[in-house]
Structures are given as C-alpha cells and as structure tokens.
Amino acid sequence: MPLSNLNKEQLEAATCEKGFNLIIASAGTGKTSTIVGRIANLINNGVQPDEILLLTFTNKAAAEMVQRVAKFFGKDMAAKIMAGTFHSVSYKLLKQLNKNITLKQPNELKTLFKSLYEKRVFYEREDGVNPYDGGYLYDMYSLYLNSNEGESFEDWIKNKNPDHELYTAIYEDVVLEFNELKSKYGYANFDDLLTIMLDTLKEEEFDFKEILVDEYQDTNPLQGRLLDSFRPKSLFCVGDYDQSIYAFNGSDIGIISTFSTRYPGSKVYTLRKNYRSSKPILDLATKVIEHNERIYEKQLQVMRTDVSIPPKLLEFTELFAQYHHIAEKISQSSTSHSDIAIIFRNNSSADGIEANLREYGIPAKRKGGMSFFDSVEIKFVLDILVMQLSHNDMMAFIHVLEHGKGIGKAIAKDIFDALVKLGHGDVFKGLFTPDSSINNPYQSNRVKNIQLGLFDDFIELGSVSKFKDCGFEEAFLSNPILKHPKLSVDGAKYLYDFYLLMKQIRRTKVPDSLVSSVTSSMMYSRLKESLATKRATQKDGNVNIIQKTKALAKINRKVMLLRNLARNFQDLSKFVNSMILGGGEMSEGEGVNLLSVHASKGLEFKEVFVIDLMDGRFPNRKLMSKGGSIEEERRLFYVAVTRAKDVLYLSFAKYDKIKKLDFVYSPFLKEAGLIKKEHPEE
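- An unreviewed UniProt entry lists the protein chain under the name DNA 3'-5' helicase, from Halarcobacter bivalviorum.
- Per UniProt, the comment on the protein chain under Sequence similarities (unreviewed entry) is "Belongs to the helicase family. UvrD subfamily."

Right, here's the structure in full:
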C-alpha cells in the first residue's frame, strides 16, 4: 500500500486529521508520494473517490498521481477522482453543468483583443508617454484578473502606472468590447474558466470531502478565491515557499505564508528528508536560499550517500565559448542524453546552446519559451479543425486569415463579420452561398466616439475588377467579401486558397484524416514555404538555403507529431480540447533537455548545467525592474540547482563579442561560495 512506503514525516502528514493542513515539502522530499498516500488514507477511511478533488500545477502531474492511486485501488476507482489543474478541473465541472464554453488556448484570444485595439485611435496623448500596445495591454489584463484584490481594471492600471491615466478610458472600453464578444461567442481562455467557475460557485455546490492542492506556493489570488469558493470541509495543501516562482503570472507567496492565520486551527507539517540531490548540491542550494526570509523553519536532511561530487563553476572569457564548451562536454559524457538538462533563465541563452549542440550532432528537446501549440504551423491546423466543429469560430477564422499577405488581424475580423452577415449568421453559408442582395456587408454599426478612440469606418467599397484574371471560380468571384477596399490581389488569392480548402474538407470529421488533408493542401504548402523563407532570411535580406531546408524539415516533424497525436482520437471535439488543455506541457523530440527554469519545475536529472549566470541575465534585472524581485530570482536559482541529482555545473561568461557587452558574475555564485575573489583568475 502507498502508506507503507512513507517515512515517518510523510506518514504523519498523509494520515493527519481532516481540517486545514499545510505540508511544507522542499525539493526532493517526496511530496508526490505523500499526496498519493493521503488519497489512499482518505479512501481507506471511507471517502469515495468522487468526493476527492486534487488540484495540481500541471495535468501531467495529476495523471501521474491518479496512475499511482490506480495501482492500489484499480483504474476504475482512481478515474473517479476529480483531478487536474485549476483550469482543467473548472472546465470539467462547468461541462458537467452543461455550460456553453468554447475553450481557447492561453494566448489565442490575444489576436481578437489586438484586432479590437487596432481600430482605436489615441487622439489625445501625454507627452513622453505612449499608450501600451494591444498585446501588452492584453497581458496586463490577464495579470489583473489573476492578481487583483477587488479593484477595477482602470484603478489597477492607475496604481501600476499613473502616467497612463489619460488612456484608461480607451483601455477599459477595449476590455468591455472584448468581454462582450467572448460572451457572444461563448469563448473562454484559461483566465475565463476560473472567473466563470467563481461565479458558478455562488449558486452551485460540489460535495468534496477533501481538496488537495499541489504546488500551493504558486497559487495566485484568483485561484485562492476559487479554492475558498468551494467551501472546503478539509484542505491538504502541499508546497514550498522557496520554490514560489510564478509572480509574473500573479502568484502570491503571501498565500502560503499566511495559511495559518487565514485558517485558524490549521496545522503545518514539514518534510525534511531529501532523496534527490547529493549533499554538496543541496548544501549549495541551501546556502543561497537562506539569503531569503525564512517563512516556516526547515532543516533538510540528505538521505543519499552514494555520490558526493562538488558542484563545479565553469568560467569563460566569451559567451559563445561557454556554449561550445558545454556542448563538447556533453558529447564526451557517459550520461544518457535524456538524463542531462541545460537550464536557462532567458530564451536567448537556449538559442545559443541549441545551435552548438546541433554542431556536435547532439539531439535536444526544448521546453519553455514557445509551446509546440503556439507555433504558427500547428496553430493553423488546429484552427482549421476548430472551424470544422464550429463554423462561426471568429478566433480560429482570424488566426487562419491573418497570415494572408496584406490581410492582418483587423481586415480578417472585417471579413469574418461580413461573412456572418452574408450567411445570415453562418460563416460557411456566407462563404459558399452568400446572400447576393446584400451589397455592402462591411457597413459598420459602431458609434463614433473620439474619447474612446472610435472613428468612422470606411464606407466606400473596393472594386472586384482587379481579381478578374486570378483564376477564381465564378461562385467565389461574385462574393461581396471581395469588395473590401483594403483587400489586395495577394490577399484575395489567400482567401481563395482558404475557400478551396474548406470546400474540400467540409464533411470530414475524423481528426487524423482532417490533419492529413489540411497539411497536404496547397494552402498549407504555401504557408510552410512562407514560414520557412521568413525563418531563413538573414539580416541582409538574403535567404539561407540550408537554413530554409532545416526550417521546412522542422515544420514537417511537427506535422508528423500532430498526426501521431490525432491517431489516438476518433472524436474531433475531444482531440481539439485535449490539445488545448495539455498543449503547454508538451516538448518535442528526444535528447538533452533544454529547459527554462519554469519548465524545469518538478523534474530531476542526473546531470544539470545552469548557464549564463551573469548579473543582469540571472538574476534578470530587466524583469526585476518591471515588478520582479531579487528574492524571486533567488528562488528561481534554487529551483534550477535542485533539479540536479549527482552532477551540477554552474557557468558564466565575461563578454559577448557579438553585442559587445561585458558581464559580471551572478551574485548567487558569490552567495554559493564559488567566487572567492572579487575578480577571480580564469
């Protein structure tokens, strides 16, 4: 049984009385075993699996815990546990209540937001203060939703940056229009899942006997309010304040630090035995993290005695010499590639190391930075599939159309609105059988308002005569959407490619067949060509043919991965939702693990390189100036080094010859005792 494998501290936590319990579980102390043991204890004591709610930071972590429960209680019983991230659990529960929700990827609705924002004109301007661009404002709104304490978005913006008070009326109006459109089409991104769930819990109640929360230190105020809205009878929260690294996403370390005061009568348990890292590695991590304030006292005990290799500092005169040396070192290592990780704070670090690994023929898989599902070539295919599920999916339509030359987000939305009008509410009817009596489908209903940045739309239509020699079918050429005054010949040809593709796959519903049809279409071939050319274009404007070939090969590999994923599904809706909910947790390929610090969380490797440990890069001073802190950067360092089990390398360089920048070593290296002098000899 799971409980028989626990040490004394883990067992005490797993079998504690119901109530409000916080378990401080440092890196490598067996928090997953403790959570699985707790679930086993609940079931052994008569709690039904469907009365247990397990909230984790990733769906992968939830699946692993449920699988471990299944080994002891059977798959059928374990499957009844409601488990997943705050977002995926909210989605499942809302679906149980038959809520009408069309789920969108985390950044997907940014396109819609930007298309609305781009229509605004900031007539009045503050000297020296430019308004936020649409993408940044969208990110600010997401941060507001996750971290606000009850104030309005307008007041929140003013508190963050008083210089933007002049623009807040436009900002708020864009948000208002954005939310109205989301509501109209039933769209929900991950933030919305939580806010909708929060509203739902005011009227609905779920009878969970205990709620377990993993990675509790990364809970943000919105998630904290949601947790309390479940009105838990018993809470079992597991976390480590030293690993709270998601402040940029709104997480608040104050939530774990105030647990005892917010839940009177609560108990705090501490897991002290570390089973992951060797003593030298753990000693270094502890030496650095103790510069942060201690919230709950803890003294880790190293359980491993089989290896004792001191962490090694690698110091380089030049930045790329560092990357080259690490790649060479890995090429000579006897450790399997899958058990080696290179951990970085900035994406530019990963680009340099990835190129050097390739020179040595070392395969690498990269996680952190851009998700597999955020890449244009994959997003495009999924958006076409979304339109098969729902013709009127405005977001999918805009995402697909915006890649046409001269189209962009704003014109794509204009075309979508026109097709809805031409098809009397159905985009595909507007595309294939438009109402010919509607001469101007682009007539706007918006009211001019200079204060809110709203001006008159175009009224004069364009001529379709410029498209007569394009070889379009007569049915398409006669469609009034071609009258958009800003639609170029190239844009119209792209729109025609879209028309032909949708016509070809109109009745296909099997995921594998759809992915195959889309990726072998003329439209997708042209998209691949365009993307590969763009990615291989050098600063002088010339296209590097070798790089272009590699870019095409990389796109084709991604397509094959998506096809392999599609073969596991027969239901199109389940496939699309699975790709959206689990997309951020995927990495591509095999080989050495290239990981951002955030992506490395929860993982462990025999051999770890933490690179570019220069002041400014790690800690990242730029992010610190935007609201971060040295304490958070130190926690990131702690997370990075505690991924290592046996071997840890910490590296830095003194100079970047390309950017002509001088570097100073990270203060964390000095705190770790690795820098003995102010200016060490190489």
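### Considering the pattern of salt bridges
Reasoning step 1: Counted according to the given criterion, the structure contains 38 salt bridges.
Reasoning step 2: Close ionic contact of E215 with K31 constitutes a salt bridge, the shortest N to O distance being 3.6 Å. Of the two residues, E215 sits in the loop between β6 (210-213) and α11 (221-229) while K31 sits in helix α2 (residues 31-44), which places them 184 residues apart along the sequence.
Reasoning step 3: With a relative accessible area of 11%, E215 lands in the buried category.
Reasoning step 4: Its salt-bridge partner being K503, residue E473 comes within 3.2 Å of it at the nearest N-O pair.

### Quick word on the packing of aromatic side chains
Reasoning step 1: This model, assessed by the stated rule, comprises 40 aromatic pairs.
Reasoning step 2: For the pair F113 and F178, a centre-to-centre distance of 5.1 Å together with 80° between the ring planes defines the contact as edge-to-face. Placement of the pair is F113 in helix α6 (residues 109-117) and F178 in helix α9 (residues 168-185), with a sequence separation of 65 residues. Summarising the burial analysis for this pair, F113 and F178 share the class buried.
Reasoning step 3: Each ring, one from F618 and one from F637, has its centre 6.1 Å from the other, and the planes form 75°; the classification is edge-to-face. Separated by 19 residues along the polypeptide, F618 in the loop between β15 (605-610) and α28 (621-625) and F637 in helix α29 (residues 630-641) bring together distant segments of the chain.

### Things to note about the sheet that holds strand β7 (residues 235-239)
In any sheet, the strands associate via hydrogen bonds between backbone groups, in a parallel or an antiparallel arrangement.
Reasoning step 1: Strand order across the open sheet formed by 6 strands is β3-β2-β6-β7-β1-β8, with parallel pairing between neighbours. Looking along the sheet, the strands with just one partner apiece sit at the ends: β3 (82-84) and β8 (267-271). Averaged over all pairs of adjacent strands, the angle between strand axes in this sheet comes to 10°, irrespective of strand direction.
Reasoning step 2: Pairing of strand β1 (residues 20-25) with β7 involves 5 bridges; the strand directions are parallel. Its bridge partner being in β7, N21 is matched across the sheet by F236.

### Regarding the sheet that holds strand β13 (residues 364-367)
Reasoning step 1: Spatially, the 6 strands line up as an open sheet ordered β11-β16-β15-β12-β14-β13, and their pairing is parallel. Two strands lie at the open edges of the sheet, namely β11 (312-316) and β13, each paired on one side alone. Strand-to-strand twist across the sheet, computed as the mean angle between neighbouring axes with direction ignored, equals 20°.
Reasoning step 2: Pairing geometry for β11 and strand β16 (residues 644-653), over 5 bridges, is parallel. For F316, the partnering residue across the bridge sits in β16 and is A653.
Reasoning step 3: Lying on the sheet, α29 is in contact with β12 (340-344), β15 and β16; it crosses β16 at an angle near 130°.

### Points about the pairing of β7
Working note: regular strand, side chains alternate between the two faces of the sheet.
Reasoning step 1: With 5 of 5 residues buried, β7 lies mostly within the body of the structure.
Reasoning step 2: Bridge analysis of β6 against β7 gives 3 bridges, and the strand direction is parallel. What sits directly across from L212, in β7, is F236.
Reasoning step 3: Tracing the backbone out of β6, into α11 and back to the parallel element β7 gives a crossover that is right-handed.

### Focus: the UniProt feature "binding site: ATP" (unreviewed entry) in the protein chain
Reasoning step 1: UniProt tags A25, S26, A27, G28, T29, G30, K31 and T32 as "binding site: ATP" (unreviewed entry).
Reasoning step 2: Secondary-structure assignment places S26 in the loop between β1 and α2.
Reasoning step 3: Judged by its relative accessible area of 3%, S26 falls in the buried class.
Reasoning step 4: Non-local contacts of S26, meaning those with residues more than four positions away in its chain, are made with D240, Q243, L271, K298, L300 and Y638.
Reasoning step 5: Along the polypeptide, G28 turns up in the loop between β1 and α2.
Reasoning step 6: Assessed through its relative accessible area of 15%, G28 is described here as buried.
Reasoning step 7: Contacts of G28, omitting those with residues within four sequence positions, involve K273, N274, Y275 and R276.

What counts and what doesn't
Residue numbers run consecutively from 1 along every chain, following the written order of its sequence. For this predicted model, a pLDDT threshold of at least 70 governs which residues receive local features, and a threshold of 80 or more governs which side-chain atom pairs are given and counted, while totals over whole chains, interfaces and linings are taken from all residues. Hydrogens and waters are ignored; side-chain quantities use all the structure's heavy atoms. UniProt positions are given in the numbering used here, feature names are shortened, and annotations may be inferred rather than shown by experiment. The salt bridge definition used is simple: a Lys or Arg side-chain nitrogen within 4 Å of an Asp or Glu carboxyl oxygen. Put simply, DSSP H or I for four residues or longer makes a helix, DSSP E for two residues or longer makes a strand, and each gets a number counted from the N terminus. Each residue is assigned to one of three classes by its accessible area relative to the maximum for its type, calculated with a 1.4 Å probe on protein chains only: buried under 20%, partly exposed between the two thresholds, exposed over 50%. Classification of ring pairs uses Phe, Tyr and Trp, with its six-membered ring standing for Trp, and accepts pairs whose centres are within 6.5 Å; under 30 degrees between planes counts as stacked, over 60 as edge-to-face, and the remaining range as tilted. Two strands pair under a simple rule: DSSP has to find at least two bridges between them. Fitted lines through C-alpha atoms serve as axes, helices being fitted only where they are in contact, and the angles separating the N-to-C directions of these axes extend from 0 to 180 degrees. We call two residues in contact whenever any of their non-hydrogen atoms come within 4.5 Å of each other. Call a crossover right-handed when, viewed with both strands pointing away from you, the route from the first strand across the helix to the second goes clockwise.

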